[in-house]
Protein chains: 2
Amino acid sequence: MPRASTRPTSRDVAREAGVSQAAVSLVLGEKWRGRVSEATAARVREAARTLGYRPNLAARNLRLGRTRTVLLVVPALTTEFFAGVYTGAARVASRHGFGVVLYPSPEGIGPARDPFASAQAALDGVIASSMAAEALTAIRGDQLPLVMLDSDPSAPGATVNLDIADGVRQVAEHLLGLGHRHFLHLGADVPSWTFEVRARELETRLRLVPGTSLRTARSPISIKGAEAAAEAALTAGERVTAVVCDDDQLAAGVYKAARRLGLRVPSDLSVTGMDDLALATAIDPELTTVRLDAELFGERGMQALLAVLDGEEPSGTDIPVHLEVRGSTTRVP
Amino acid sequence: MPRASTRPTSRDVAREAGVSQAAVSLVLGEKWRGRVSEATAARVREAARTLGYRPNLAARNLRLGRTRTVLLVVPALTTEFFAGVYTGAARVASRHGFGVVLYPSPEGIGPARDPFASAQAALDGVIASSMAAEALTAIRGDQLPLVMLDSDPSAPGATVNLDIADGVRQVAEHLLGLGHRHFLHLGADVPSWTFEVRARELETRLRLVPGTSLRTARSPISIKGAEAAAEAALTAGERVTAVVCDDDQLAAGVYKAARRLGLRVPSDLSVTGMDDLALATAIDPELTTVRLDAELFGERGMQALLAVLDGEEPSGTDIPVHLEVRGSTTRVP
DNA sequence: AGGGCTTAGTTATACGTAACACTTCGGTGA
DNA sequence: TCACCGAAGTGTTACGTATAACTAAGCCCT
């Protein structure tokens, strides 16, 4: 069979430089200290340059049994939050000679239970962010080193989490401090640990204060969906003075519902979000929300995975978050 | 040397099933019609299942000389536009047994000129979206099949484009029809073909109408940046009645600047965007903008790349776009 | 009866790299 | 003088897969 590709191989470089293929491998792999003379090394590098040689990664991966590539699985790319996670993860990975492949787990494309079919690259490990349980088990079935972000820490494997519960605590105390007692929680319509935490923590915090009420509505994570859900929830039932949203996009939907209902934010209705997306400062008034440091999150996730790959035990501290108080919350009238 | 990985290989499956490794490869590769009996095939599949066999992709890629993986290079992930592009591309790829690896070309991570160092996977081809010229030449240097999205069609290689010029034409005619004559163009501060087209087309269209004026300001693509640039541009110089923005995020910044300056949108100032992000309907009033079909864009890009990989000549039609007229534009007073 | 065809496999090999084991050679201390 | 050593390489092999080339049996047809 003739050579499939026309790309030069290390053997071509060897022939050009008048050395053996092994020497080329040594020189280009930076393993040549005391094994190859400086002059020969220079000749090899020169030959590689003139031929435009690039090592065949499939061959290298096969030989080494590892790829220095990890997969970052994210639920979607519809907000810049995961862009930040990727950026942080890629920065750390790059420092350690690793590459990051991004797999946005889609609805409707292929079997979502099998990221590996889609991201054909051979992988050394996986970081899965905010994934549902069934996706995680599919990944674990593959026995790849795995770090989970924003997921139930009681699950097997390493996890790295934002301190979401503390963020919700800050929101609750902020609103309680402004005199609010009657709350609507607009939650995400997605079965995910990270959203369960929000609901649980908010409930817990409000229960500590006598005379508070809490209703709950659920919505798909989109502005339009949140608008409908919020409109329904705000018209039905007793009056609320504050809406706590699981996500900034949901809060943007609440703004629109409020406008439709003739409620003014914040004088009639205080609203809070979570994430601190660009959206949060685009809308008027600017949104009081919990800022999550997505890049730091990605960095920590990658550090944890690299630790696992080195056989270490990753240390699991939660990443602090903090409330950005802006114009969407005010003292209850 | 002992086996590096403990994962079962096709040889392990062969031993378990009592056949040769070749038979395993034939059966699992669905190439066994008339070469292996149904009974043996069933035995092989059973053995693979019990051992949890998954083929080593590095070995397969090396053997076949191709990876069925393509790289999608996007400039950033800070809007959901590229999520749509990815989704469309991945959908088409999946139908053809290809995987898509996403490379968000970052500022500050590694050498941005070399996506291949970061996405370590071996690749069959590249789709590059809205990339600057120098990045493109770096990719071409690698002699991988390449399709460029939203890029200068006069460059070598295949391109797939949105009909941005027609979108700008629709914006111009819409605003001219509402009586506007004095325009501000808020352009993106990024050297990219796609933004040059906007500027050129707007200028061309307005020049056709006597008595029009056009000023230009530039801003980084962010709400905060656009706010500052728009505020400066709106206070300096003569009065404008319409602001045409290269991007919805810029338009959101214009809203904020207008609010600061006491100008009301749309009664004092009409504003248009481009992309139709979620942001466009989150802000008040909802933004008149050009809707770009990101998913279709991604699909067409992938189709073009697959055509190139099959040795065909991809056909290059522009993808139509259309203006969504909403509340941010009105008749000039 | 035997050549040819079909079925059901097996054997052998190559993909390109990294690294172990080996060789060659000039110097060097005892 | 000679065994030994380090420097500077080379020869060879293995990673796991897919497939071309081969084999061996069974059957049909003339």
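Residues numbered from 1 in each chain as written. Chains lettered and ligands numbered in written order. Predicted model: local features only at pLDDT ≥ 70, side-chain atom pairs only at ≥ 80, totals over all residues.

### Looking at the overall build of chain A
Step number 1: The secondary structure content of chain A amounts to 13 helices and 11 strands.
Step number 2: The C-alpha atoms of chain A give 26 Å as radius of gyration, which overshoots the globular expectation for 333 residues (20 Å, by more than 25%).
Step number 3: Taking the principal axes of the C-alpha coordinates as reference, chain A spans close to 85 × 35 × 35 Å.
Step number 4: Split into buried and exposed, the 333 residues of chain A put 48% on the buried side.
Step number 5: Contacts in chain A between residues far apart in sequence, at least 24 positions, make up 69% of those at least 6 positions apart. (Helix = DSSP H or I, 4+ residues; strand = E, 2+ residues; numbered from the N terminus. Rg over C-alpha atoms; globule rule 2.2 N^0.38 Å. Buried ≥ 20, exposed ≤ 12 C-beta atoms within 10 Å, placed from the backbone. Contact = placed C-beta atoms within 7 Å.)

### Looking at unusual backbone geometry
Step number 1: Omega for the bond connecting Val-265 of chain B with Pro-266 of chain B falls within 30 degrees of zero, at 5 degrees, which places this linkage in the cis form.
Step number 2: Along the chain, Pro-266 of chain B turns up in the loop between α11 (248-261) and β9 (270-275).
Step number 3: Following Asp-284 of chain B, the chain continues into Pro-285 of chain B via a peptide bond in cis, with omega recorded as 0 degrees.
Step number 4: Positive phi values are uncommon outside glycine, yet Arg-68 of chain A reaches one of about 50 degrees.
Step number 5: Here Arg-68 of chain A lies in the loop between α4 (57-64) and β1 (69-74).
Step number 6: You can call Arg-68 of chain A partly exposed: it has 17 C-beta atoms within 10 Å.
Step number 7: Even without being glycine, Asp-276 of chain B reaches a positive phi, approximately 60 degrees.
Step number 8: Note that Asp-276 of chain B resides in the loop between β9 and α12 (278-282).

### Let's talk about the sheet that holds β9 of chain B
Residues and elements named next belong to chain B.
Step number 1: Taken together, the 6 strands give an open sheet; going across it, the order is β7-β6-β8-β9-β10-β11, and neighbouring strands pair in mixed fashion. Each edge of the sheet is formed by a strand with only one pairing partner; in this case those strands are β7 (213-219) and β11 (322-324). Neighbouring strand axes in the sheet, compared pairwise and without regard to direction, differ in orientation by 20 degrees on average.
Step number 2: Docked against the sheet, helix α9 (residues 193-207) engages β6 (182-188), β7 and β8 (242-245), running at close to 170 degrees with respect to β6. (Pairing = 2+ DSSP bridges. Axes fitted to C-alpha atoms, helices over the stretch in contact; angles between N-to-C directions.)

### Some remarks on the protein's contact with DNA strand C
Step number 1: The full set close to DNA strand C counts 30 residues, and Ser-10 and Ala-22 of chain A together with Ser-20, Ala-22 and Ser-37 of chain B are the nearest of them.
Step number 2: For the surface near DNA strand C, the secondary structure elements donating two or more residues are α1 (10-17), α2 (21-28) and α4 of chain A together with α2 (21-28) and α4 (57-64) of chain B.
Step number 3: Per-element accounting of the surface near DNA strand C gives the leading share, 5 residues, to α4 of chain A.
Step number 4: Classifying every residue of the surface near DNA strand C gives 12 nonpolar, 11 polar and 7 charged. (Near = placed C-beta within 6 Å. Nonpolar A, V, L, I, M, F, W, Y, C, P; charged D, E, K, R; others polar.)

### Structural notes on the protein's contact with DNA strand D
Step number 1: Taken together, 32 residues surround DNA strand D, and among them Ser-20, Ala-22 and Ser-37 of chain A together with Ser-10 and Ala-22 of chain B come closest.
Step number 2: Elements supplying a minimum of two residues to the surface near DNA strand D: α2 and α4 of chain A together with α1 (10-17), α2 and α4 of chain B.
Step number 3: Grouping the constituent residues of the surface near DNA strand D by class yields 13 nonpolar, 12 polar and 7 charged.

### Details of the confidence of the model for chain A
Residues and elements named next belong to chain A.
Step number 1: In the predicted model, chain A carries a mean pLDDT of 89, and the fraction of residues at 70 or more is 90%.
Step number 2: Of the regions scoring below 50 in pLDDT, residues 1-5 engages in 2 contacts with residues more than four places distant in sequence or in other chains.
Step number 3: The low-confidence segment residues 108-113, where pLDDT is below 50, has 13 contacts with residues more than four positions distant or belonging to other chains. (pLDDT = per-residue confidence, 0-100.)

### Things to note about the packing of helix α8 (residues 164-177) of chain A against helix α9 (residues 193-207) of chain A
Residue and element names in this part refer to chain A.
Step number 1: At their nearest, the axes of α8 and α9 sit 9 Å apart, and the two run at 40 degrees to each other. Here α9 runs oblique to α8, going by the angle between their axes. The two elements α8 and α9 cross, and the hand of that crossing is right-handed. Between α8 and α9, the residues in contact are Ile-164, Ala-165, Val-168, Arg-169 and Ala-172 and Thr-194, Val-197, Arg-198, Glu-201, Leu-202, Arg-205 and Leu-206, respectively. (Parallel < 35°, antiparallel > 145°, perpendicular 65-115°, else oblique. Left-handed = near helix turned anticlockwise from the far one by under 90°.)

### Observations concerning the sheet that holds strand β11 (residues 322-324) of chain A
All names here are of chain A.
Step number 1: The sheet built from 6 strands is open, its strands ordered β7-β6-β8-β9-β10-β11 with mixed pairing. Edge positions in the open sheet fall to β7 (213-219) and β11, since each of these has one partner strand only. For this sheet the average axis-to-axis angle between neighbouring strands, irrespective of direction, equals 20 degrees.
Step number 2: Looking at chain direction, strand β6 (residues 182-188) and β7 are connected through 7 bridges and run parallel. Along β7, the bridge assignment pairs Leu-184 with Arg-215.
Step number 3: Across the sheet, α8 touches β8 (242-245), β9 (270-275), β10 (288-291) and β11, and the angle it forms with β11 is around 45 degrees.

### Some thoughts on the pairing of strand β2 (residues 99-104) of chain B
All names here are of chain B.
Step number 1: Taken across its 6 residues, β2 has 6 buried, putting it largely inside the fold.
Step number 2: Burial along β2 is two-sided: Gly-99, Val-101 and Tyr-103 facing one way and Val-100, Leu-102 and Pro-104 facing the other are all buried.
Step number 3: Where strand β1 (residues 69-74) lies against β2, 6 bridges are found, and the strand directions are parallel. The partner of Thr-69 across the bridge, within β2, is Gly-99.

### A closer look at the packing of helix α5 (residues 81-95) of chain A against helix α13 (residues 294-309) of chain A
Residues and elements named next belong to chain A.
Step number 1: Between α5 and α13, the least distance of the axes is 6 Å, while the angle of their chain directions is 45 degrees. Here α13 runs oblique to α5, going by the angle between their axes. In this structure, the crossing between α5 and α13 has a hand that is right-handed. Between α5 and α13, the contacting residues are Phe-81, Gly-84, Val-85, Tyr-86, Thr-87, Gly-88, Ala-89, Arg-91, Val-92 and Ala-93 on the first element and Ala-294, Glu-295, Leu-296, Phe-297, Gly-298, Glu-299, Gly-301, Met-302 and Gln-303 on the second.
Step number 2: Partitioning the contact of α5 with α13 into residue classes produces 10 nonpolar, 6 polar and 3 charged.

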